[in-house]
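Below, each chain spelled out in residue letters.
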Amino acid sequence: MSAAVRYPIGELATLGGVSRRTVRYYVQEGLIPQPLGLGRGNHYTADHLEQLLRVKAMQESGRTLDEIRGALGQAPSRRGAGKPAREEVLPRSLWRRIALTPGVEVHVASTARLPSPARLRELAEWCRLHFADAGQTEEDERDHA
């Protein structure tokens, strides 16, 4: 990409869908390069934006910052230096949460294919009908007790 385009931090943040604070944090962590220029004249380029979007996409997919560094070909952070390593790393997975009716939701692994929106509406309607009846039955039993 061309380095001719210049973005102030606010514009880079807006284009990248993050806050200015996140841009500064990513720079501090070495995930995106330092801005060009000094002081109030510093700016970011299209290359910075491209890197920011890559980092954001990896983070949204559930990767840790150290995993992102590895994917970018960087060394892991030294922040934990001196601390004992965790003996076991717990597996991470992404899930989608779908609220079907008040009090009823289904969780679907990101690796599973969702049914069509029409099928999900059918499931939600079934839940509304059957869970509403169950709630009324409990209320009726309490009223008659």
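Provided above is the structure to which this section pertains.
For clarity, every value in this text was computed on a predicted model and none was experimentally measured. (Residues numbered from 1 in each chain as written. Predicted model: local features only at pLDDT ≥ 70, side-chain atom pairs only at ≥ 80, totals over all residues. Heavy atoms only, no water.)

Side note on the environment of Arg92
Alright, step 1. The topology assignment puts Arg92 in the loop between helix 4 (65-71) and strand 1 (95-101).
Alright, step 2. Expressed as a C-alpha distance, the spacing of Arg92 and Thr64, which sit 28 residues apart in the sequence, is 9.9 Å.
Alright, step 3. Those residues in contact with Arg92, other than ones at most four positions away along the chain, are Gly62, Arg63 and Thr64. (Helix = DSSP H or I, 4+ residues; strand = E, 2+ residues; numbered from the N terminus. Contact = heavy atoms within 4.5 Å.)

What about the side chain of His48?
Alright, step 1. Relative to the helices and strands, His48 resides in helix 3 (residues 46-60).
Alright, step 2. Note on His48: relative accessible area 4%, which makes it buried.
Alright, step 3. Reaching out from His48, the side chain makes a polar contact with the backbone oxygen of Gln34 at a distance of 3.0 Å.
Alright, step 4. Not counting chain neighbours up to four residues away, the residues in contact with His48 comprise Leu12, Ile32, Pro33, Gln34, Pro35 and Leu36. (Buried < 20%, exposed > 50% of the residue type's maximum accessible area, 1.4 Å probe, protein only. Polar contact = N/O pair within 3.5 Å; in protein donor to acceptor, adjacent residues only side chain to side chain.)

What to know about the packing of aromatic side chains
Alright, step 1. Going through the model one piece at a time under the given rule, you end up with 1 aromatic pair.
Alright, step 2. Between Tyr25 and Tyr26, the aromatic rings sit 6.4 Å apart at their centres with planes inclined by 50 degrees, giving tilted as the arrangement. (Phe/Tyr/Trp six-rings, centres within 6.5 Å; stacked < 30°, edge-to-face > 60°.)

Some remarks on the pairing of strand 2 (residues 104-109)
Alright, step 1. Sheet topology places strand 1 next to strand 2; 6 bridges connect them, and they run antiparallel. Paired with Ala99 across the two strands is Glu105, which belongs to strand 2.
Alright, step 2. Counted between consecutive antiparallel strands, the loop separating strand 1 from strand 2 contains 2 residues, among which Gly103 sits at a positive phi close to 90 degrees. (Pairing = 2+ DSSP bridges.)

Re the nonpolar core
Alright, step 1. Leu12, Val23, Ile32, Tyr44 and Leu52 are the most contacted members of the largest nonpolar core, which totals 17 residues.
Alright, step 2. Of all elements in the fold, only helix 1 (9-16), helix 2 (20-28), helix 3 and helix 4 reach the threshold of two or more residues within this core.
Alright, step 3. Per-element accounting of this core gives the leading share, 4 residues, to helix 3.
Alright, step 4. In this structure Tyr44 touches Val5, Arg6, Tyr7, Pro8, Ile9, Leu12, Val23, Val27, Pro33 and Pro35, once residues within four positions along its chain are discounted.
Alright, step 5. Listed in part, the 7 residues of the second largest apolar core include Val104, Val108, Leu120 and Cys127. (Core = buried A, V, L, I, M, F, W, Y, C linked by side-chain atoms within 4.5 Å.)

Considering the pattern of salt bridges
Alright, step 1. Tallying each qualifying case throughout the model produces 7 salt bridges.
Alright, step 2. Between Glu29 and Arg69 there is a salt bridge, and its shortest N-O distance comes to 2.4 Å. You can see Glu29 sitting in the loop between helix 2 and helix 3 and its partner Arg69 sitting in helix 4, a full 40 residues away along the chain. Like Glu29, the residue Arg69 is buried in the burial classification.
Alright, step 3. Two residues, Lys56 and Glu60, come together in a salt bridge whose shortest N-O distance is 3.8 Å. (Salt bridge = Lys/Arg side-chain N within 4 Å of Asp/Glu carboxyl O.)

Here's the deal with helix 2
Alright, step 1. Buried residues of helix 2: Val23, Tyr26 and Val27, and no others. Each buried residue of helix 2 lies within a common arc of 100 degrees when the element is viewed along its axis, so the set occupies one face. Seen from the open side of helix 2, the exposed residues pointing more than 90 degrees away from its buried face are Arg21 and Gln28.
Alright, step 2. Buried residues along helix 2 sit against helix 1 and helix 3.
Alright, step 3. Directly beyond the C-terminal end of helix 2, a positive phi value near 80 degrees is found at Gly30. (Arc of directions from axis to C-beta.)

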